[in-house]
Amino acid sequence: MDNFQHTLQALQQGEVIAYPTEGVFGVGCDPDNPQAIQKLLELKQRPMEKGLILIAASYEQLLPYIDESQLTPEQLATVKSTWPGPVTWIMPASAQVTDWVSGQFDSIAVRVTDHPLVQKMCNALGKPLTSTSANLSGEPPCMTTEEVKQQLGHKLVAILEGETGGRDKPSEIRDAKTSQILRQG
């Protein structure tokens with residue numbers, strides 16, 4: 001079994017995986033599996049209230065998780081004009097989204113990635129992945145497979161091996177309703 005199949009299987013079995021994104025390595029899991037999300041939060045030592053980003057291969061994969069009815073056609077057009085790419089948008093969450101994913105918010109952070117390996121993984125899984133930087137709280141985000149192995153390897157079942165997209169920072173985060181930049185990319 002190759003690295004991709006091994007990593008996909010780990011995801012399907014409710015495990016947390018690491019994978020390269022546009023800028024840094026991410027760790028993620030199936031967003032519809034509360035046990036997997038619990039493992040992810042424990043691994044990251046991250047409070048549930050913060051919420052998680054969903055990263056997808058296409059806008060269609062995000063539709064079950066967002067409530068488009070709360071956004072104007074102009075707001076949606078602005079969001080879609082930046083995808084696929086390294087911009088994460090805060091959008092109204094649908095009723096399907098659990099607190100495990102949205103945290104204390106009624107919104108959800110989502111991105112359509114332009115990273116080919118992540119697109120391939122989301123398409124194989126048939127849905128988005130949760131995405132948070134691959135590092136322990138307070139440590140710098142991992143940029144290479146080697147760094148992930150050193151920092152988190154003993155806690156992960158699978159690492160999708162590959163290169164990041166060459167950006168040196170995590171994605172920019174913007175609010176879909178106001179277009180305000182919440183985190184510089």
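To be clear, the structure that these remarks concern was listed above.
What you are looking at is a predicted structure, and each value in this text was computed from that prediction instead of being measured.

(A) Geometry of the layout of surface pockets. In this structure, the largest pocket encloses a volume near 620 Å³. Along the wall of the largest pocket there are 35 residues; nearest its centre are Arg46, Ile53, Ser131, Ile173 and Arg183. Where the lining of the largest pocket is concerned, the elements lending two or more residues are strand S2 (25-28), helix H5 (99-102), strand S5 (107-112), strand S6 (129-133), strand S8 (172-175) and strand S9 (181-183). At four residues, S5 tops the list of elements feeding residues into the lining of the largest pocket.

(B) Representation of the sheet that holds S9. Overall, mixed pairing links the nine strands, which are arranged S7-S1-S2-S6-S3-S5-S4-S8-S9 in an open sheet. Where the open sheet ends on each side, the last strands, each with one partner, are strand S7 (158-159) and S9. Alignment of strand S4 (residues 87-92) against S5, held across four bridges, turns out to be antiparallel. Note that in S5 the partner of Met91 across the bridge is Ile108. In the packing of helix H6 (residues 116-125) onto the sheet, the strands contacted are strand S1 (17-20), strand S3 (53-56) and S6, and the crossing angle to S6 comes to about 145°.

(C) View of the pattern of salt bridges. Applying the stated rule across the entire model yields six salt bridges. Where Glu161 meets Lys149, a salt bridge forms, and the shortest distance between an N and an O atom there is 3.7 Å. Here Glu161 is found in the loop between S7 and S8, whereas its partner Lys149 is found in helix H7 (residues 145-152), with twelve residues between them in sequence. The exposure class assigned to Lys149 is partly exposed, which follows from its relative accessible area of 39%. Arg174 serves as the salt-bridge partner of Glu172, at 2.5 Å between the closest nitrogen and oxygen. Residue Glu172 is classed as buried on the basis of its relative accessible area of 13%. Through salt bridges with shared partners, a single ionic network connects Asp30, Asp32 and Lys127.

What counts as what
Residues numbered from 1 in each chain as written. Predicted model: local features only at pLDDT ≥ 70, side-chain atom pairs only at ≥ 80, totals over all residues. Heavy atoms only, no water. 1 Å grid on protein atoms, 1.4 Å probe; cavity = no way out; pocket = protein on both sides within 12 Å on 5 of 7 lines; lining within 4 Å. Points joined across faces, edges and corners; volume = space filled by probe spheres on them. Helix = DSSP H or I, 4+ residues; strand = E, 2+ residues; numbered from the N terminus. Pairing = 2+ DSSP bridges. Contact = heavy atoms within 4.5 Å. Axes fitted to C-alpha atoms, helices over the stretch in contact; angles between N-to-C directions. Salt bridge = Lys/Arg side-chain N within 4 Å of Asp/Glu carboxyl O. Buried < 20%, exposed > 50% of the residue type's maximum accessible area, 1.4 Å probe, protein only.

Read these as geometric descriptors, not functional statements.
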